[in-house]
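# Residue-level structure breakdown
Below are the chains, spelled out letter by letter.
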Amino acid sequence: MKFTVRPIDLPSCNLRIGKLSEIKRIPNTVLLTPLLLLYSKGGSVTHMTREVLEMVTDISSQAVHIPLSNSAQCYNGVKHFKEGISSFAGLHECLSYCSVQDPAEATRVGYNEKTSITIWTHTGRKQLTADKYMDMMEAFRPDMYQALCDGDTNTESSRKRSQKAVDVSTSLFLSCADRHTKSQSLKDSALLATVEGGYDLEARRQSAQMFSRHPLVQGFVIDGLHNNGMAVEQMSYDTIRPVITETLKYLPEDKLRVLHGCWRPDVVLELVQAGIDVFDSSLVYLAAERGCAFTFTYHACPHPVLSNEDQCSRVIEEEQKENGCIKNVTQNCKPDDMQTKTCKRITDYEMNLNDKIYFDDLSPIMRDCKCLACTKHTRAYIHHLLNTREMLASVLLMIHNLHHYQKFFEAIRENGKKGQLLAINCHPS
């Protein structure tokens, strides 16, 4: 696999536009970054058959994210199938990427050990040593996969726990790398090292430097910022900024950078500007599960997105000087927020169709959206489906949310090529 990338020349911004090519299993496929992975369970994109997925997107230009914690039950079937998880799931045209944990499910804390990592499957707890993990990877034959790691750290983790995560993950990586080198099944797969260290910047530096020198590594997963699940939506970029900035200092520019988690769209923009290349689409799934549809819009903006508290006053000063991008940013700031220098650009990015106000609303989710859900169905109909607990509700919401989020990433890439960034407008459609 080959990754080529070029930085975009913008002040105070590390946005990168790149592409993945020369993938041995699917040599004609080219994937552009920043890239959105299709979140799956058991190798299947949630709530979608292959035929429905083909109506939403071009399958041949997609990458599927396969978390082991929700796909481990496929192991015996895939092993006997002998053609890998992509073909087993009927998505052989897609790049396949395997991770350890499921970003949509909160990971239980405190179960990892020195030589084994715990994943929670539908049958309960499963402990993975490096050898067991690599047995699964050899059966799955993913195009890319994350080395087994101890990512059980968060904002509350002690320095001792953060350092332990680095030590355990380093040991597990070396064992995985040794197996990878000897494996015929994985000779065409890309191994991604996992940078750990919690919120201890010294531990992060140590982990990043160690893996950046390893000749087998073709990319990096920045892990250990959270314990997955919906709680990630509440995290601000300012919380993770020091860790992201410090970690990326020590990673080579020409290697892929992956970050898991159901980050809000505004945080995704910040992370793209910091230099992250690949994200998962667990937020798409979680929004659909709670009966919500994305309604945020976005527009080109020549400046890096402003987020930290010290910049709110700068936004107010420049409001009269700049064009619509700055003005739109400040529209979401309440007077009290401005006085305390707390600028909340995003207040709401989705529509909750469980709400009874949509009982007789015959308009589409978004009037300008071209997805199947918006062109064929109304808010009232989807509200009815949710109210009667029909499975079609989740299908239609997944169709809209995935379509909308993929268009969002397309806009990030297209505007990035022009030397422009995006800014979020968040308002009811």
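Residues numbered from 1 in each chain as written. Predicted model: local features only at pLDDT ≥ 70, side-chain atom pairs only at ≥ 80, totals over all residues. Heavy atoms only, no water.

### Some details on the packing of aromatic side chains
One pass over the full model with this rule turns up 15 aromatic pairs. Relative to W120, the ring of Y111 lies with its centre 5.0 Å away and its plane at 85°, an arrangement referred to as edge-to-face. On the basis of an interplanar angle of 85° and a centroid distance of 5.8 Å, the ring pair of F408 and F409 is categorised as edge-to-face. F409 matches F408 in its accessibility class, with the two residues each being buried. Members of the aromatic cluster, each reached through a chain of ring pairs, are F279, F294, F296, Y298, Y349, Y405, F408 and F409. Lying across the ring of W120, R108 places its NZ or CZ 3.8 Å from the centre. (Phe/Tyr/Trp six-rings, centres within 6.5 Å; stacked < 30°, edge-to-face > 60°. Buried < 20%, exposed > 50% of the residue type's maximum accessible area, 1.4 Å probe, protein only. Lys NZ or Arg CZ within 6 Å of the ring centre and 35° of its normal.)

### A word on the packing of helix α6 (residues 201–212) against helix α7 (residues 237–249)
The axes of two packed helices give the description: the angle between them and the distance between them. Packing of α6 against α7 brings their axes to within 9 Å, and their N-to-C directions diverge by 30°. In terms of orientation, α6 lies roughly parallel with respect to α7. In terms of crossing hand, the pair formed by α6 and α7 is right-handed. Judged by residue contacts, L201, R204, R205 and A208 of α6 engage P242, V243, E246 and T247 from α7. Across the contact of α6 with α7, the residue classes break down as 4 nonpolar, 1 polar and 3 charged. (Axes fitted to C-alpha atoms, helices over the stretch in contact; angles between N-to-C directions. Helix = DSSP H or I, 4+ residues; strand = E, 2+ residues; numbered from the N terminus. Parallel < 35°, antiparallel > 145°, perpendicular 65-115°, else oblique. Left-handed = near helix turned anticlockwise from the far one by under 90°. Contact = heavy atoms within 4.5 Å. Nonpolar A, V, L, I, M, F, W, Y, C, P; charged D, E, K, R; others polar.)

### Notes on the sheet that holds strand β1 (residues 2–7)
Reading across from one edge, β1-β2-β3 is the order of the 3 strands in this open sheet, with antiparallel pairing throughout. Sheet topology places β1 and β3 (31–33) at the edges, where each strand pairs with a single neighbour. Averaged over all pairs of adjacent strands, the angle between strand axes in this sheet comes to 15°, irrespective of strand direction. As paired elements, strand β2 (residues 16–21) and β3 share 3 bridges and run antiparallel to each other. Along β3, the bridge assignment pairs L20 with L31. Against the sheet, helix α15 (residues 391–417) touches β1, β2 and β3, its axis set at about 115° to β2. (Pairing = 2+ DSSP bridges.)

### Considerations on the state of the cysteines
By definition, a disulfide links the sulfur atoms of two cysteine residues through a covalent bond. Tallied over the entire structure, the rule returns 0 disulfides. Distance from the sulfur of C149, which forms no disulfide, to the nearest cysteine sulfur (C176) is 9.0 Å. Accessibility expressed as a relative area gives 4% for C149, which makes it buried. (Disulfide = S-S within 2.5 Å.)

### Concerning unusual backbone geometry
Excluding glycine, residues mostly have negative phi values, and the peptide bonds linking residues are mostly trans. Cis geometry marks the peptide bond from T33 to P34, where omega comes out at 5°. Here P34 lies in the loop between β3 and β4 (35–41). Its identity is not glycine, yet R141 carries a phi of approximately 50°, on the positive side. Relative to the assigned elements, R141 resides in the loop between α4 (130–140) and β10 (144–146). Given the relative accessible area of 36%, R141 is considered partly exposed.

### Considering the packing of helix α5 (residues 159–182) against α6
Viewed as axis vectors pointing N to C, α5 and α6 meet at an angle of 15°, and their least axial separation amounts to 9 Å. As the angle between them shows, α5 and α6 are arranged roughly parallel. Between α5 and α6 the crossing geometry is right-handed. The segment α5 lies against α6, with Q163, V166, D167, S169, T170, F173 and L174 engaging A203, Q206, S207, M210 and F211. Within the contact of α5 with α6, the residues separate by chemical class into 6 nonpolar, 5 polar and 1 charged.

### Points about α15
Taking 1.5 Å per residue, 27 residues should reach 39 Å; α15 reaches 40 Å between its end C-alpha atoms and fits that length. Where burial is concerned, most of α15 is hidden: 21 out of the 27 residues are buried. Following α15 by one or two positions, G419 adopts a phi angle in the positive range, close to 80°. (Expected span 1.5 Å × (residues − 1).)

### Regarding the pattern of salt bridges
Scanning the model with the defined rule gives 27 salt bridges in all. Between K2 and E22 there is a salt bridge whose closest N-O contact spans 4.0 Å. In this pair, K2 sits in strand β1 while E22 sits in the loop between β2 and β3, placing the two residues 20 residues apart along the sequence. A cluster of three or more residues bridged by salt bridges with shared partners is formed by R16, E253, R257 and D277. (Salt bridge = Lys/Arg side-chain N within 4 Å of Asp/Glu carboxyl O.)

### Describing the confidence of the model for the protein chain
On average, residues of the protein chain score 89 in pLDDT, and 89% of them reach the 70 mark or higher. Below a pLDDT of 50 lies the segment residues 308–347, which in the model reaches 50 contacts outside its immediate sequence neighbourhood of four places, other chains included. (pLDDT = per-residue confidence, 0-100.)

### Remarks on empty space enclosed by the protein
In the structure shown here, the tally under the stated rule is 7 cavities of 30 Å³ or more. Here the largest cavity defines a volume of roughly 170 Å³. If you trace the largest cavity, you find 16 residues lining it, with Q101, T107, G151, D223 and N228 closest to the centre. Taken together, the residues of the lining of the largest cavity break down into 4 nonpolar, 9 polar and 3 charged. (1 Å grid on protein atoms, 1.4 Å probe; cavity = no way out; pocket = protein on both sides within 12 Å on 5 of 7 lines; lining within 4 Å. Points joined across faces, edges and corners; volume = space filled by probe spheres on them.)

### A word on the environment of L68
Secondary-structure assignment places L68 in the loop between β6 (63–67) and α2 (75–81). On a C-alpha basis, the gap between L68 and G43 in space is 9.3 Å, while along the polypeptide they are 25 residues apart. Excluding its chain neighbours within four sequence positions, the residues that come into contact with L68 are S99, V100, I119, L128, Y133, M136, M137 and F140.

### Regarding the nonpolar core
Ranked by internal contacts, the top residues of the largest apolar core, which has 112 residues, are Y133, F140, I244, W263, L271, Y405 and F408. Counting residues per element, this core draws most heavily on α15, at 12 residues. Apart from the residues lying within four places of it in its own chain, the contact partners of L271 are Y237, I240, I244, L259, W263, I276 and F279. (Core = buried A, V, L, I, M, F, W, Y, C linked by side-chain atoms within 4.5 Å.)

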